Amino acid sequence: PESVSLFVQEVYEYFFGREIRVGSQDAVAGDTVVVPIELTPNGDETAMSFTLEFDPKMLANPRVALGDMAPKGSTLTLNANEPGRIGILIDSSESMTASAMPQQVLTVAFDVIGEGEGTTAVTLTGSLAAKSVSDAAGTSLTSKYSDGNVYIRLK
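These remarks concern the structure in this document. (Residues numbered from 1 in each chain as written. Predicted model: local features only at pLDDT ≥ 70, side-chain atom pairs only at ≥ 80, totals over all residues. Heavy atoms only, no water.)

1. Some words on the sheet that holds strand 3 (residues 32-39)
Taken together, five strands build an open sheet; the order of strands is 5-8-3-1-11 and the sheet is mixed. Each edge of the sheet is formed by a strand with only one pairing partner; in this case those strands are strand 5 (59-66) and strand 11 (144-146). Adjacent strand axes in the sheet meet at a mean angle of 15°, parallel and antiparallel pairs treated alike. Taken together, the six bridges between strand 5 and strand 8 (residues 103-112) define a ladder with antiparallel strand orientation. Within the sheet, the bridge partner assigned to A60 lies in strand 8 and is D111. (Pairing = 2+ DSSP bridges. Helix = DSSP H or I, 4+ residues; strand = E, 2+ residues; numbered from the N terminus. Axes fitted to C-alpha atoms, helices over the stretch in contact; angles between N-to-C directions.)

Below you can see the structure in the form of C-alpha cells.
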C-alpha cells in the first residue's frame, strides 16, 4: 500500500505539481532577449539543477542571474564551457515559497545574432548538469520540465 500511495503521489505531482519551464519570448535580430526560467514550487524545494541548451548560431553571450523566486542566500553555480549549453545549479539553505503560479527562479539574457526570422528552441536537458529538484534532506522531488522558444523577427 505504501508503494502504491507513493506512486500515486508522484503521478499527481508530475501532472499537477512542480514544473520547471522555459518562458517563450519574442526577439528582434541584433537586440538582446531575456528568457525567464520559472518554477511552480510546492514549498519544499531547496536545490535544483539542469542544463539549458540553445542554438549558439542564433543566441550568444548568455548572462544568467537569479530571479525573484530564488530564496535569499541562494548560490548559483554555472558550467558554461561548451557552446550552446549551460549547466546550472541553484542551492539554498532555505526552502522556496509555495505558489500555485509559476515564479521566476532565473533569467538568461542572450544577444540575438541570427541573420533571419525564425524560431529557436531553448531546452532543459540533463547533459551537463542532471535534471533534478531536491528538498533540504537531499531527497529528489518529482518534477516536470517544459521547453521554450525564442521567436526572432527582423528589425
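2. A short note on the nonpolar core
I37, M48, L52, L59 and V105 are the most contacted members of the largest nonpolar core, which totals 31 residues. Contributions of two or more residues to this core are made by strand 1 (19-22), strand 3, strand 4 (47-53), strand 5, strand 7 (85-91), strand 8, strand 9 (118-125) and strand 12 (148-153). It is strand 8 that provides the largest number of residues to this core, a total of five residues. (Core = buried A, V, L, I, M, F, W, Y, C linked by side-chain atoms within 4.5 Å. Buried < 20%, exposed > 50% of the residue type's maximum accessible area, 1.4 Å probe, protein only.)

3. A short note on the environment of A65
Within the element layout of this structure, A65 appears in strand 5. For A65, a relative accessible area of 34% puts it in the partly exposed group. Taking the C-alpha atoms as reference, A65 lies 8.7 Å from V105; in sequence the two are 40 residues apart. Residues in contact with A65, not counting those within four places in the same chain, are L76, V105, L106 and T107. (Contact = heavy atoms within 4.5 Å.)

4. Examining unusual backbone geometry
Most peptide bonds take the trans form, and the phi angle of most residues other than glycine is negative. One non-glycine residue, N61, adopts positive backbone phi at about 55°. Mapping N61 onto the fold places it in strand 5. Here N61 falls in the partly exposed class, since its relative accessible area comes to 46%.

5. Description of the pattern of salt bridges
Summed over all chains, the structure comprises five salt bridges. Close ionic contact of R18 with E45 constitutes a salt bridge, the shortest N to O distance being 2.7 Å. Of the two residues, R18 sits in the loop between helix 1 (2-16) and strand 1 while E45 sits in the loop between strand 3 and strand 4, which places them 27 residues apart along the sequence. Just as R18 is buried, E45 falls in that class too. The partner of R21 in a salt bridge is E38, and the shortest N-O contact between them spans 2.8 Å. Of this pair, R21 sits in strand 1 while E38 sits in strand 3, and the two are 17 residues apart along the sequence. (Salt bridge = Lys/Arg side-chain N within 4 Å of Asp/Glu carboxyl O.)

6. Some thoughts on the side chain of S134
When you line up the elements, S134 lands in strand 10 (residues 132-134). Apart from residues no more than four positions distant in its own chain, S134 is found in contact with D44, E45, T46, A47, T139, S140 and L141.

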